[in-house]
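A structural walkthrough
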Amino acid sequence: MAAVNVLEAKGLTKIYGGVEANVDVDLHLDQGKITALIGPNGAGKSTFVGMISGRIAPTRGTVYFKGRDISQLPAHKRMQLGMAYTFQITSIFPGLSVYDNVALAAGLRLAHDKQAHDAKVHAVLDRIGLDDRADQTAGDLSYGHQRVLEIAMGLAQEPEVFILDEPTQGLSETEVDAFIALMKSIAGETTILLIEHNMRVVAALADHVTVLDQGRVLASGTFAEIHANDAVQAAYLGSTPHA
Amino acid sequence: MDFGPHLMLASLEGAVISAILVLTAMGLSLVFGVMRVVNVAHGEFFMLGAVLAWVVSTTLGGHPAIGFIGALIVAPVLVGCIAAGVDRFVLKRVNYDADRTIVATIGVLYIIQQSTLMLYGPEARPVQPPFNTRLSLPWFEFGENGFAMIWPWGLSITSYKLFVIFAAAAVLVALWLLLTRTRIGLIMRATQQDSDTAQAFGVPVGKVYSWVFGLGAGLAALGAVLVVPIQQAHYLMGGDPLLLAFIVVIIGGLGSLPGTVIAALLIGMSDGIISVFFSPTLAKIIATFLVAMVLVFRPQGLLGRAET
Amino acid sequence: MMASRKPLALHLGILALLLVLFFVLPAYHVGAFSRIMVLAIYAMGYNLLFGYTGLLSLGHAMFFAAGMYGFGLTTNLTGFSVIPAFASAMLAAGLLALGVGYLALRTAGVAFMIVTLMFAQTVYLIILYFGTYTRGDEGFVVQQAQRQLAGIDLTTETARYFTAFILFSVCFLAMAKLVQMPFGKRLIAIRENEERARMLGYDVANLKLRAMVISGVFSGVAGASYALLFGYVGASFAGVQYSIFPLLWVLLGGAGTTIGPLIGVIFMFYLIDISSGWTNAYMLVAGIVLVLLTLFAPQGIVGTLRKRGVAWLP
Ligand SMILES: Nc1ncnc2c1ncn2[C@@H]1O[C@H](COP(=O)(O)OP(=O)(O)O)[C@@H](O)[C@H]1O
Ligand SMILES: [Mg+2]
């Protein structure tokens, strides 16, 4: 089956004052595949996904979702079309219970049907291992659990495209393993764009890797190709020879 | 009186209003600029200055000038100390959180205002100006014999009002020198730029905040001491200056001191001129509404530059 | 299910208590409670915006006044009877909230507070400017003849208490329901983390605007009820002080709680009532309470109880 383009970015550019955060970045996501976006700190990864999700207005460039130009849509409309986004810096509803956090995420689609809504929330919490903490206040959770909760919120949205900005940052090794398993289980149905620094995660998950450096696409290909790429080695992987 | 002399009279009145306004608004702007908080009780510090001016001048007695000079020294200092205390015991404890500071300073507003009502009473009380000669002003007319200087009846200003204009200008210059030429000013500007970094470089940010808050209130009090020989001291007199100072600070760009000065001149002059020719209520309605619209559509202020 | 029964029981219990109070309280306090219930409607409206949505307005008096003048002016100028006058009051408040919300909600934080303050000041000045109709600060009286509903004279103490009670009950239960619904949860989400709510796909701007309009209509209902039951319409109700009051009540009672507004109004009403017995500077109490609340109990009475173990409090 030929890969279907779910999401495509063309010539996305963001210039902050004089800083070129992104310059003419092209990228497309294949249906059901996991794409990893890697690159050193400050490369412009967060800026790029911010422009895709509608949080950041691009200086120029176009975003297509299933062939439709969504560049003019505000962020919430894009999410309504079937995207989900997790923040690099954990962003939950700290004063609400874990249950309510997930319920709000699922609520956009399911709020009209109380039973289905409740079932969905419990299913997600169960899957992610937070069911026994459903009544806890989210702000009281440990850092790792808060990150997991944010991923759970993304799941509860049942997105077609799931964008995760450094989701494993600060997670323990076992939590990282659980995350890898989770992503494997939803890939196929869900198209995933993953910003990741942990090469173990990239190696385990990515069907496709794009490397960003100083706001530009440096290389693009399978993990093996990227790993063998000298320019990438020099710019980024050079100092991390494991994996 | 013809239109020309009338306009000149209105402009002079406007200049007096501007002079008071610029001091009050500078205080508010300084506090916002350095501490990033809105002090809703600012008008009450103004009122306290006026009431204290009355207290000092009646206590001292003698020639009005003695009381006036006493008030000029005592009122701003005392009000500044009270404000520093408010900073220490209230604002510091809410961590200068923007919302909670507003709520807390609303509380302070009522505490000051109502305490004044209890101690000073509901009366409006006048303070004698130290000098008050009426100065007639000339007007030039282009008549049959070329330019002629005439003295229209009613075109005059008191020496005291002229003094107010010059005093405010002098205070402004002093403030400007303080901010740009002294170590204190340097420390204040450093704190304004980035309080965390300033703290790391050994600036006692907590103390700077107390001083700035005191200085801001002191400026309002100084304005009030100047105004009280023209307008009587009353416990509710803080409302209008607060609103006008808000307007000035918003138009001038929140926290921008040069913007504040220009906006104070603009608002004060137009207030003086408009209220001579139009209904003051209508003028206020239009001004208030327009200022709200400025905040909605140009939050950086009319004179401010957009941040990127 | 137990968890959701308790709040309902509490709400009904409070209403039952208010009903009983009529029969046990001395006349003075019956009058006081009529007023308290009307003001509590105002506080509840304010609470929806401040307590639930996290938007601190300093200009809600304009909506209260829109309801009050909407009612008072239509009865006096057009001779509308109670129901249509009340409806036009609600409409006036709702439309004003829509317009103000559309503009003011472009701003946030401190700018939102100042913008609402300025709009309210504009409304206040407009009331003064059209003194021919509004009689400015002095205000005007809604005649007894116009305060009749279905043959009942609403000016008697009993009718007044029960009308206030019915209006309060409807608003109280409606608000309790509203904040339980998905809509209410979404407002809370905005309060907790606006950016998160947006990135979950919620139209934050639209939700805020709807919250603003509902909040404005509740405030307008309170204003109209005040004019209807106490027969007086005056510009002081549009002044800054009446914008500060609901903030004070809600902070005192507990922001973002269903029963907090009522509790806040009761406490503040009696605090001011008692202190005005020995000084004319009765607003001093309000100032002290505001400062103490921000310093020591930002959660208010109900919020503090909730934290200290009564977690189910709605
Ligand atoms: N709001 C902003 N204003 C100015 N510069 C920004 C802003 N956001 C990001 N940048 C700059 O853009 C560049 C890319 O940042 P970012 O996208 O966060 O990188 P990454 O996620 O790859 O670490 C950095 O140089 C950063 O300093
Ligand atoms: Mg990043």
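In this report, the structure presented in the accompanying data block is examined.

All names here are of chain A. Judged by pairing direction, the sheet is antiparallel, and its 4 strands sit side by side in the order 2-1-4-5 without closing on themselves. Where the open sheet ends on each side, the last strands, each with one partner, are strand 2 (19-30) and strand 5 (68-69). In terms of strand pairing, strand 1 (residues 5-16) meets strand 2 through 8 bridges, oriented antiparallel. Directly across from Leu-12, in strand 2, lies its bridge partner Val-25. Where helix 1 (residues 45-53) meets the sheet, its contacts fall on strand 1, strand 2 and strand 4 (60-65), and the angle it forms with strand 1 comes to roughly 120°.

With that settled, consider the pairing of strand 9 (residues 208-213) of chain A. Residues and elements named next belong to chain A. Of all 6 residues that make up strand 9, 5 are buried, and the element is covered over most of its length. Of the pairings in the sheet, the one linking strand 3 (residues 34-38) to strand 9 comprises 4 bridges and is parallel in character. Counterpart to Ala-36 in the pairing with strand 9 is Val-209. Two strands pair when backbone bridges link them, and strand 9 and strand 10 (residues 216-221) are joined in this way by 5 bridges, in the antiparallel orientation. Each bridged residue has a counterpart across the sheet, and for Thr-210 the counterpart in strand 10 is Ser-220. In textbook terms, the turn of a hairpin is the stretch between consecutive antiparallel strands, and for strand 9 and strand 10 this stretch comprises 2 residues, one of which, Gln-214, has a positive phi near 45°.

So, about the pattern of salt bridges. Within this structure, the stated rule accounts for 17 salt bridges over all chains. The closest approach of N and O atoms between A:Arg200 and A:Asp177, which form a salt bridge, is 2.8 Å. Placement of the pair is A:Arg200 in helix 7 (residues 199-205) and A:Asp177 in helix 6 (residues 173-186), with a sequence separation of 23 residues. As a salt-bridge pair, B:Glu123 and B:Arg125 come within 3.2 Å of each other at their nearest N and O atoms. Through salt bridges with shared partners, one network takes in A:Arg55, C:Glu194, C:Glu195, C:Arg198 and C:Lys208.

Before going further, it helps to spend a moment on helix 6 (residues 183-193) of chain B. All names here are of chain B. If you check which residues of helix 6 are buried, you get Gly-185, Met-188 and Thr-191. Around the axis of helix 6, the buried residues are gathered within 125° of arc, so they sit on the same side. Exposed residues lying more than 90 degrees from the buried face of helix 6 are Arg-183 and Gln-193. On its buried face, helix 6 is in contact with helix 1 (3-35), helix 5 (159-181), helix 7 (195-200) and helix 8 (205-227).

Pairs of aromatic rings are described using the distance from one ring centre to the other and the angle between the two planes. What the rule picks out here adds up to 33 aromatic pairs over all chains. A ring pair is formed by B:Tyr96 and B:Tyr209, whose centres lie 4.8 Å apart and whose planes are at 80°; its orientation type is edge-to-face. Of the two residues, B:Tyr96 is situated in the loop between helix 3 (64-91) and helix 4 (98-120) and B:Tyr209 in helix 8; the sequence distance between them amounts to 113 residues. A relative accessible area of 9% places B:Tyr209 in the buried class. On the basis of an interplanar angle of 45° and a centroid distance of 4.7 Å, the ring pair of C:Tyr226 and C:Phe230 is categorised as tilted. Of this pair, C:Tyr226 and C:Phe230 both sit in helix 10 (residues 204-230), 4 residues apart, which is roughly one turn of the helix.

This paragraph deals with the sheet that holds strand 8 (residues 191-195) of chain A. Residues and elements named next belong to chain A. Pairing in this open sheet of 6 strands is mixed, and the strands run 6-7-8-3-9-10 from one edge to the other. This sheet does not close on itself; its edge strands, each paired only once, are strand 6 (83-86) and strand 10. Going from strand to strand, the sheet's axes swing by 15° on average, the running direction of each strand aside. Summarising the sheet, strand 6 and strand 7 (residues 161-165) pair through 4 bridges and their orientation is parallel. Following the sheet pairing, Met-83 is matched in strand 7 by Val-161. Lying over the sheet, helix 2 (residues 75-82) contacts strand 6 and strand 7, oriented at roughly 115° with respect to strand 6. Strand contacts of helix 6: strand 3, strand 7 and strand 8, with the helix running at about 160° to strand 7, the strand carrying the most contacts.

We now examine the site of ligand 1. Residues and elements named next belong to chain A. By nearness alone, every residue bordering ligand 1 is listed as Tyr-16, Val-19, Ala-21, Pro-40, Asn-41, Gly-42, Ala-43, Gly-44, Lys-45, Ser-46 and Thr-47. Between ligand 1 and the protein, one listed contact pairs an oxygen atom with a backbone N or O atom of Gly-44 at 2.9 Å. Here Ser-46 contributes a side-chain N or O atom positioned 2.8 Å from an oxygen atom of ligand 1. Those elements that place two or more of their residues in the shell around ligand 1 are strand 2 and helix 1. Broken down by element, the shell around ligand 1 gets its largest block of residues, 3 residues, from helix 1. When grouped by side-chain class, the residues that make up the shell around ligand 1 number 5 nonpolar, 5 polar and 1 charged.

Glancing now at the coordination of the magnesium ion (ligand 2). All names here are of chain A. Here the magnesium ion (ligand 2) is held by Ser-46 (OG) and Gln-88 (OE1), and the distances to it run 2.0 to 2.2 Å. Placement of Ser-46 in helix 1 and of Gln-88 in the loop between strand 6 and helix 3 (98-110) is noted, with a sequence separation of 42 residues between them. Classification of Ser-46 by relative accessible area gives partly exposed; the value is 26%. Gln-88 gets classed as partly exposed once you look at its relative accessible area, which sits at 25%.

Time to look at the interface of chain B and chain C. At the junction of the two partners, chain B supplies 37 residues and chain C supplies 37 residues. Taken together, both faces of the contact between chain B and chain C bury some 3300 Å²; the carbon and sulfur share is 85%. At the junction of chain B and chain C, the tally comes to 2 residue pairs in polar contact (both at pLDDT 80 or more). Counting only elements with at least two residues in the side of chain B that touches chain C, the list comes to helix 3, helix 4, helix 9 (239-252) and helix 11 (280-297) of chain B. Taken together, the residues of the side of chain B that touches chain C sort by class into 27 nonpolar, 6 polar and 4 charged.

To continue, consider the interface of chain C and chain A. Taken together, the 16 residues of chain C in the interface contact 24 residues of chain A. Between chain C and chain A lies a buried interface of about 1700 Å² when both sides are counted; carbon and sulfur atoms form 62% of it. Counting the contacts that link chain C with chain A gives 2 salt bridges. A salt bridge links A:Glu150 to C:Arg196, with the shortest nitrogen-to-oxygen separation between them at 2.8 Å. The interface formed by chain C and chain A includes 12 residue pairs in polar contact (both at pLDDT 80 or more). For the side of chain C that touches chain A, the elements supplying multiple residues, two or more each, are helix 8 (182-192) and helix 9 (194-199) of chain C. When residues in the side of chain C that touches chain A are grouped by element, the largest group, 6 residues, is from helix 8 of chain C. Within the side of chain C that touches chain A, the residues separate by chemical class into 7 nonpolar, 2 polar and 7 charged.

The rules behind each value
Per-chain numbering applies: the sequence of each chain, read as written, is numbered from 1 onward. Numbering of ligands from 1 and lettering of chains from A proceed in the order in which they are written. It should be noted that, the model being predicted, local features are given only for residues of pLDDT at least 70 and side-chain atom pairs only at 80 or more, the latter also being counted only at that level, while totals for whole chains, interfaces and linings use all residues. Excluding hydrogens and water, the side-chain figures rest on all heavy atoms present in the structure. DSSP calls a pair of strands paired once it identifies at least 2 bridges connecting them. To qualify as a helix, a DSSP run of H or I must reach at least 4 residues; to qualify as a strand, a run of E must reach at least 2; elements of each kind are numbered from the N terminus. Should any heavy atoms of two residues lie within 4.5 Å, those residues are counted as being in contact. Between N-to-C directions, angles span 0 to 180 degrees; the directions come from axes that are lines fitted to C-alpha atoms, helices contributing only their stretch in contact. Each residue gets one of three labels from its accessible area relative to the maximum for its type: buried under 20%, exposed over 50%, partly exposed in between, using a 1.4 Å probe on protein chains only. The salt bridge definition used is simple: a Lys or Arg side-chain nitrogen within 4 Å of an Asp or Glu carboxyl oxygen. The directions from the helix axis to the C-beta atoms form the arc being described. Here the aromatic set is Phe, Tyr and Trp, taking the six-membered ring for Trp, and pairing holds for ring centres within 6.5 Å; pairs whose planes are under 30 degrees apart are stacked, those over 60 apart are edge-to-face, and all others are tilted. Proximity criterion: a residue is near a molecule or strand once any of its heavy atoms comes within 4 Å of it. Here a polar contact is taken to be a pair of N or O atoms separated by no more than 3.5 Å, where protein atoms must pair a possible hydrogen donor with a possible acceptor and residues adjacent in sequence count only if both atoms sit in side chains. Nonpolar residues are Ala, Val, Leu, Ile, Met, Phe, Trp, Tyr, Cys and Pro. Charged residues are Asp, Glu, Lys and Arg, and all others, Gly as well, are polar. Note that water is not among the atoms considered, so a metal site may appear incomplete; the donors listed are N, O and S atoms within 2.8 Å of the metal, with 3.2 Å applied to Na, K and Ca. In this description, buried area is defined as the sum, over both parts, of the accessible area (probe of 1.4 Å) that is lost when the two are combined.

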